[in-house]
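Here are the chains, one letter per residue:
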Amino acid sequence: MSVETVAIIDYGSGNLHSAAKAFERAARESGRDGTRIHVTGDPQAVAAADRVVLPGVGAYADCRRGLDAVPGLVEAMTQAVLGAGRPFLGICVGMQLMATRGLEYETTPGLGWIPGDVGPIRPSDPGLKIPHMGWNTLAPERDHALLAGIPLGAAGLHAYFVHSYALTAERPGDVVAHADYGGPVTAMVARDNLAGTQFHPEKSQRLGLALIANFLAWRP
């Protein structure tokens, strides 16, 4: 049986060590010990991977510039994900980069995979602080394979968020779940073989490990 490879893209942004450890643990605990978790910025390795993960922390424009600074990386990722249909997971700013554009300090083009804009969070309660930082439950908008078997809703498991900006999708059907922070904040988006989480699954303990295990088993 061939070994599956998961490319966690290294472009100078993201919790690469904690992400890799979480993916390795989820693979081990879900009986996928043979899965190779590969942190890489090599376009050839990304193009050849069976699954692609794009993490991201910091400012939207900085993350986009970091991606563009690696020759051939965006093209390799696009070919693997859109061309070859390999499962993709964007995390935090990695999810935001799936949007049409980011509006953080300046207008920055995104990948355009999920139509919509990334703009500032504006909670209805002025007492809620920005950034939105901490633990929230997820309110599902529709079923998705990555959330299968995970307790959701007010009594469900919690996910860890840290962000000041959020994606507003043009197509409501692209939103899988939201969190409540003075109003709904997009927590997860997906279409076809693409998925993205605003929260950090690598820091979200039981919920995060379950979601990662579902991603490793996902056959969109």
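Keep in mind that what you see is a predicted model, and the values were worked out from it rather than measured.

A few words now on the overall build of the chain. On a plain count of helices and strands, the chain comes out with six helices and 14 strands. Taken along its principal axes, the extent of the C-alpha atoms in the chain is 55 × 40 × 30 Å. Expressed as a percentage of its 220 residues, the buried residues of the chain come to 54%. In the chain, of all internal contacts separated by at least 6 residues, the share reaching a separation of at least 24 is 73%. Summed over its atoms, the accessible surface of the chain is roughly 9600 Å², and 50% of this surface lies on carbon and sulfur atoms. Where the 18 positive side-chain charges of the chain centre and where its 21 negative ones centre are 4 Å apart.

Quick look at the nonpolar core now. Core analysis: the biggest nonpolar cluster contains 68 residues, and Phe23, Val52, Leu54, Met77, Phe88, Leu89 and Leu97 have the highest contact counts within it. Dropping the residues within four chain positions of it, Leu97 is found in contact with Tyr11, Leu54, Tyr60, Cys63, Arg64, Leu67, Gly110, Leu111 and Gly112.

Before going further, it helps to examine the sheet that holds strand E2 (residues 36–40). Strand pairs in the sheet, formed through backbone hydrogen bonds, run parallel or antiparallel to each other. Taken in spatial order, the eight strands line up as E2-E1-E3-E4-E14-E13-E12-E9 in an open sheet, and their pairing is mixed. In this open sheet, the two edge strands, each paired with only one partner strand, are E2 and strand E9 (139–140). The pairing of strand E1 (residues 5–9) with E2 spans five bridges and is classified as parallel. Considered in E2, the bridge of Ala7 is made with His38. Across the sheet, helix H4 (residues 73–83) lies against E1, strand E3 (51–54), strand E4 (88–91), strand E13 (184–191) and strand E14 (194–197), angled at about 130° from E3, the strand it touches most.

Taking the UniProt record as the reference, the feature "domain: Glutamine amidotransferase" (unreviewed entry) is found at residues 9–216. The span residues 9–216 shows a helical share of 27% and a strand share of 29%, and its end C-alpha atoms are spaced 16 Å apart.

Taken as a whole and assessed by the stated rule, the structure comprises six aromatic pairs. Seen from their ring centres, Phe215 and Trp218 are 6.2 Å apart, and the 50° between their planes marks the pair as tilted. The buried category is assigned to Phe215, whose relative accessible area is 0%. Following the ring pairs from residue to residue traces out a cluster consisting of Phe23, Phe215 and Trp218. Between Arg51 and the ring centre of Phe215, over which it is positioned, the NZ or CZ distance is 5.8 Å.

Right, let's get into helix H6 (residues 205–217). If you check H6, its first and last C-alpha atoms are 18 Å apart, about what 13 residues at 1.5 Å a residue would give, namely 18 Å. Of the positions making up H6, those classed as buried are Leu207, Gly208, Leu209, Leu211, Ile212, Ala213, Asn214, Phe215 and Leu216.

The end-to-end C-alpha separation of helix H1 (residues 16–29) is 20 Å, in line with the 20 Å expected for 14 residues at 1.5 Å each. Of the positions making up H1, those classed as buried are Leu16, Ala19, Ala20, Ala22, Phe23, Ala26 and Ala27. The buried residues of H1 occupy an angular sector of 165° when projected down its axis, which confines them to one face. Summarising the geometry of H1, the exposed residues directed more than 90 degrees from the buried face are His17, Arg28 and Glu29.

On to the environment of Gly66, then. By the secondary structure assignment, Gly66 is in helix H3 (residues 60–68). Taking relative accessible area as the criterion, Gly66 reaches 16% and is therefore assigned buried. Between the alpha carbons of Gly66 and Glu141 there is a distance of 32 Å; along the sequence they are 75 residues apart.

With that settled, the discussion passes to the packing of H3 against H4. Where H3 meets H4, the closest approach of the two axes is 7 Å, and the angle between their N-to-C directions is 90°. The pairing of H3 with H4 is recorded here as roughly perpendicular in orientation. Where H3 abuts H4, its residues Arg64, Leu67 and Asp68 lie against Leu73, Val74 and Met77.

Below, the discussion takes up the sheet that holds strand E7 (residues 116–120). Pairing in this open sheet of four strands is mixed, and the strands run E6-E5-E7-E11 from one edge to the other. What marks the edges here is a single partner per strand, and that holds for strand E6 (108–109) and strand E11 (165–169). The pairing of strand E5 (residues 101–102) with E7 spans two bridges and is parallel. Following the sheet pairing, Arg101 is matched in E7 by Asp117.

With that out of the way, let us pick up the side chain of His144. Assignment of secondary structure puts His144 in the loop between E9 and strand E10 (158–163). A polar atom in the side chain of His144 sits 3.0 Å from the backbone nitrogen of Leu146. Apart from the residues lying within four places of it in its own chain, the contact partners of His144 are Val176, Met188, Ala190 and Trp218.

What counts, and where the lines are drawn
Residues numbered from 1 in each chain as written. Predicted model: local features only at pLDDT ≥ 70, side-chain atom pairs only at ≥ 80, totals over all residues. Heavy atoms only, no water. Helix = DSSP H or I, 4+ residues; strand = E, 2+ residues; numbered from the N terminus. Buried < 20%, exposed > 50% of the residue type's maximum accessible area, 1.4 Å probe, protein only. Contact = heavy atoms within 4.5 Å. Areas by Shrake-Rupley, 256 points an atom, 1.4 Å probe, with all protein chains shown as cover. Lys, Arg positive; Asp, Glu negative; His and termini not counted. Charge placed at Lys NZ, Arg CZ, Asp CG, Glu CD. Core = buried A, V, L, I, M, F, W, Y, C linked by side-chain atoms within 4.5 Å. Pairing = 2+ DSSP bridges. Axes fitted to C-alpha atoms, helices over the stretch in contact; angles between N-to-C directions. UniProt positions renumbered as here; feature names shortened; annotations may be inferred. Phe/Tyr/Trp six-rings, centres within 6.5 Å; stacked < 30°, edge-to-face > 60°. Lys NZ or Arg CZ within 6 Å of the ring centre and 35° of its normal. Expected span 1.5 Å × (residues − 1). Arc of directions from axis to C-beta. Parallel < 35°, antiparallel > 145°, perpendicular 65-115°, else oblique. Polar contact = N/O pair within 3.5 Å; in protein donor to acceptor, adjacent residues only side chain to side chain.

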